[in-house]
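Per-entry structural report
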Amino acid sequence: MTKKWWHDKVAYQIYPKSFYDSNGDGIGDLKGIIQKLDYLQDLGIDIIWLSPCYKSPLADEGYDISDYYSIDPRFGTMEDMEQLIAEAKKRSMYILMDLVVNHCSDEHEWFQKACEDPDGEYGSFFYLRDKEEGKLPTNWRSYFGGPVWDDLPGTDKQYLHVFHKKQPDLNWENPKLRAEVYKNINWWLDKGLGGFRIDAIMNIKKALPLHDYEPDRDDGLSNIADMLAEAHGIGEFLSEMQDQTFKKYDAFTVGEVFNEKPEEIPDFIGENGYFSSMFDFNEAIFGASENGCFDSKPITPDDYKRCCFEAQERIGTIGFLCNIIENHDEPRGVSRYIPKGECCPQSKKMLAALNFMLRGLPFIYQGQELGMENTTFSSIEEVDDISTLNEYQVALHAGLTEEEALKTVAKHSRDNARTPMQWSAEHGAGFTDGRPWLKVNPNYTSINAAAQKDDPDSVLNFYKKLIALRKNPEYKETIVYGTLEPYLETQHNLMAYYRTGDKTLLIIGNYQTSPQDAVLPSPYKKVLLNNYDDVELTGNTLVLKGYQLLIMEM
């Protein structure tokens, strides 16, 4: 593997709307991010990914872009963005932006022109079909529920949107559209971006000609995944994009890739892959049901271990995964992957290390380093996320009561990750002087950065130790490039694995509240990280306390 500049980095995702508000309007902004760069530098962050801050009506919180060349006034100005890039560079940090090119906003100039002249140049930038009374062009269900087709305003045609109706899909079969996308990518890279996180990219290739699939619910619609499974040839688009843009700048790119076929992995993230890396969603998608989140299966510690190891085995040494516990599209990881009632500093630290030490690039989502947890909802009126609102209706339709439906969707809601960053125990969690756009998690008085900063045993300072270990010259080669081999794989509620390179490290975590024994294969040289103060060893048997985590040099 050719060594790249980004291999040994640690990345951090910022959801700008909820990170830090510099002007008191209740919405996070770019100036707020600039003010917190020293916090991120102190944590040890190298790469910062910003969720969308382009101009947008925010139908899907910025993933509906109305102008790819403008910053939304809610977040600041282009001058603010340029200052952010420059200030990050001073700290040897790189800024990534979200690349959202499966769809744009219905308020984008292209779509407006398509409405004016659907048979003209911009009509071919989208998927338009003649409207037939009582019949849809296809029976696909959108990701947010309902048909993927809506009437094109002022015309006798309909347009395709696999997400929200305000997010019309772009027609990647059109070379003129692709040229416009590449032009915009290069414009941003010329500004000094380090690269992009690439959103929903598997959706850009449709199975042509468009046709129906077997319905899977009583709404007569089919899961969009049926179409994606039949779509072939996405590599032609991605290879062209790589050649026309990223490769010229040695940019770092991470793809939101679902449903990839095993034989395609080298094409996606191999030596000359379309992307530098892609996220591991194996744990995030576990237990999902086609019926809706009300029917999903909870993940156990043994499930989590198996998901991690399956992903690692699938990739091997082909390339690098980006490893996550949570992101803006998921509930808080500690609330999802730690059994109910067992969230505590020790269990949060254990989960952090088990994920962080996997082979690949660690991505931390804002607040994860504090152990932020899922929030509480007293009614569906408190929910902002369009996906959660749709899942609530699906649950009601399935026969759940309003109380049951709210309880179910609350566990999975994307709003859990979008509550304001908990900076302090002050008003608004230190996020804003005004009224926050989304309700602050009530536990901000006990879980916040200010309280953890000077506490040597805090989750925040444990993350700092993890990052420092990854960057330690003595162990960096092994942690970054070493192989991964599971250990004691069948032992219940225990997750352990080796990282082997010029050193041999054993990462072992007791994934339960009660103590557990684990036999060591050989004596250890040194304990590099421990979320307790001591190590109990009887002969060659470790006696692990509840949720104890050890990283040992063997």
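Structure shown above.
Let me begin by describing the structure that accompanies this report. Quantities reported herein were computed from a predicted structural model and do not represent experimental measurements. (Residues numbered from 1 in each chain as written. Predicted model: local features only at pLDDT ≥ 70, side-chain atom pairs only at ≥ 80, totals over all residues. Heavy atoms only, no water.)

1. Some remarks on helix α12 (residues 386-397)
For α12, spanning 12 residues, the distance from its first C-alpha to its last is 17 Å, which sits close to the expected 16 Å at 1.5 Å a residue. Taken as a whole, α12 has its buried residues at I386, S387, T388, N390, Y392, V394 and A395. Turning to α12, the residues buried within the fold contact α13 (402-412). Two to three positions downstream of the cap, the backbone nitrogen of S387 sits 3.3 Å from a side-chain oxygen, assigning the N-cap of α12 to D385. Directly beyond the C-terminal end of α12, a positive phi value near 105° is found at G399. (Helix = DSSP H or I, 4+ residues; strand = E, 2+ residues; numbered from the N terminus. Expected span 1.5 Å × (residues − 1). Buried < 20%, exposed > 50% of the residue type's maximum accessible area, 1.4 Å probe, protein only. Contact = heavy atoms within 4.5 Å. Polar contact = N/O pair within 3.5 Å; in protein donor to acceptor, adjacent residues only side chain to side chain.)

2. What to know about helix α9 (residues 301-315)
In this model α9 runs 22 Å from its N-terminal to its C-terminal C-alpha over 15 residues, within 8% of the 21 Å that 1.5 Å per residue would give. Following α9 by one or two positions, G316 adopts a phi angle in the positive range, close to 55°.

3. Here we look at unusual backbone geometry
In this chain, L208 is followed by P209 through a cis amide linkage whose omega measures -5°. Positionally, P209 belongs in the loop between β10 (195-198) and β11 (222-223). The phi torsion at S92 lies on the positive side, around 60°, for a residue other than glycine. Assignment of secondary structure puts S92 in the loop between α3 (78-90) and β5 (94-99). Accessibility expressed as a relative area gives 53% for S92, which makes it exposed. Positioned with a positive phi, A200 is a non-glycine residue whose angle comes to about 45°. Here A200 shows up in the loop between β10 and β11. Residue classification places A200 among the buried positions, given a relative accessible area of 7%.

4. Here we look at the pattern of salt bridges
Pairing between side chains of opposite charge can happen when the charged atoms of each approach one another. The full count for this structure, using the stated rule, is 43 salt bridges. Residue R418 pairs with D385 through a salt bridge whose shortest N-O separation is 3.9 Å. In this pair, R418 is assigned in helix α14 (residues 415-418) and D385 in the loop between β15 (361-365) and α12, connecting sequence segments 33 residues apart. Residue classification places R418 among the buried residues on the basis of a relative accessible area of 1%. Three or more residues are tied together by salt bridges with common partners; here these are D60, D329, D385, R414 and R418. (Salt bridge = Lys/Arg side-chain N within 4 Å of Asp/Glu carboxyl O.)

5. Some remarks on the sheet that holds strand β6 (residues 128-130)
Spatially, three strands are ordered β6-β9-β8 in an open sheet, and the strand pairing comes out antiparallel. At either end of the open sheet lies a strand with only one pairing partner, and these are β6 and β8 (149-151). Averaged over all neighbouring strand pairs, the angle between strand axes comes to 35°, with direction disregarded. Two elements, β8 and strand β9 (residues 157-160), share three bridges in a ladder whose sense is antiparallel. For W149, the partnering residue across the bridge sits in β9 and is L160. (Pairing = 2+ DSSP bridges. Axes fitted to C-alpha atoms, helices over the stretch in contact; angles between N-to-C directions.)

6. A word on the packing of aromatic side chains
Applying the stated criterion across every chain yields a total of 35 aromatic pairs. Ring geometry for F196 versus F246: centroids 6.3 Å apart, planes at 50°, classification tilted. With F196 in strand β10 and F246 in helix α7 (residues 234-249), the pair connects residues that are 50 residues apart, well separated along the chain. This pair shows no difference in class: F196 is buried, exactly as F246 is. In textbook terms, an aromatic cluster arises when at least three aromatic residues are bridged by ring pairs, as seen for Y54, Y68, Y69, W110, Y122, F125, W187 and W188. Cation over ring: K36 sits above W423, and NZ or CZ is 4.1 Å from the ring centre. (Phe/Tyr/Trp six-rings, centres within 6.5 Å; stacked < 30°, edge-to-face > 60°. Lys NZ or Arg CZ within 6 Å of the ring centre and 35° of its normal.)

7. Regarding the nonpolar core
Membership of the largest hydrophobic core comes to 141 residues, with the highest contact counts inside it found for M81, F196 and F363. Counting residues per element, this core draws most heavily on helix α16 (residues 459-471), which supplies seven residues. What M81 contacts, discounting residues up to four positions off in sequence, is L30, L50, C53, I71, M97 and W188. By size, the runner-up hydrophobic cluster in this structure holds 17 residues, among which are W140, V148, V162 and I224. (Core = buried A, V, L, I, M, F, W, Y, C linked by side-chain atoms within 4.5 Å.)

8. Overview of the packing of helix α5 (residues 175-190) against α7
Across the interface, α5 lies against α7 with an axial gap of 9 Å and an inter-helix angle of 20°. With respect to α7, the element α5 is oriented roughly parallel. Between α5 and α7 lies a crossing whose hand is right-handed. On α7, the residues touching R178, Y182, I185, N186, L189 and D190 of α5 are F237, E240, M241, Q244, T245, F246, K248 and Y249. Here the contact of α5 with α7 is built from residues that sort into seven nonpolar, three polar and four charged. (Parallel < 35°, antiparallel > 145°, perpendicular 65-115°, else oblique. Left-handed = near helix turned anticlockwise from the far one by under 90°. Nonpolar A, V, L, I, M, F, W, Y, C, P; charged D, E, K, R; others polar.)

9. Some thoughts on the side chain of K464
Turning to its location among the elements, K464 is positioned in helix α16. Since its relative accessible area comes to 19%, K464 is described here as buried. Only 2.6 Å separates the side chain of K464 from the side chain of D42, close enough to count as a polar contact. Those residues in contact with K464 that sit more than four places away from it in its chain are D42 and L43.

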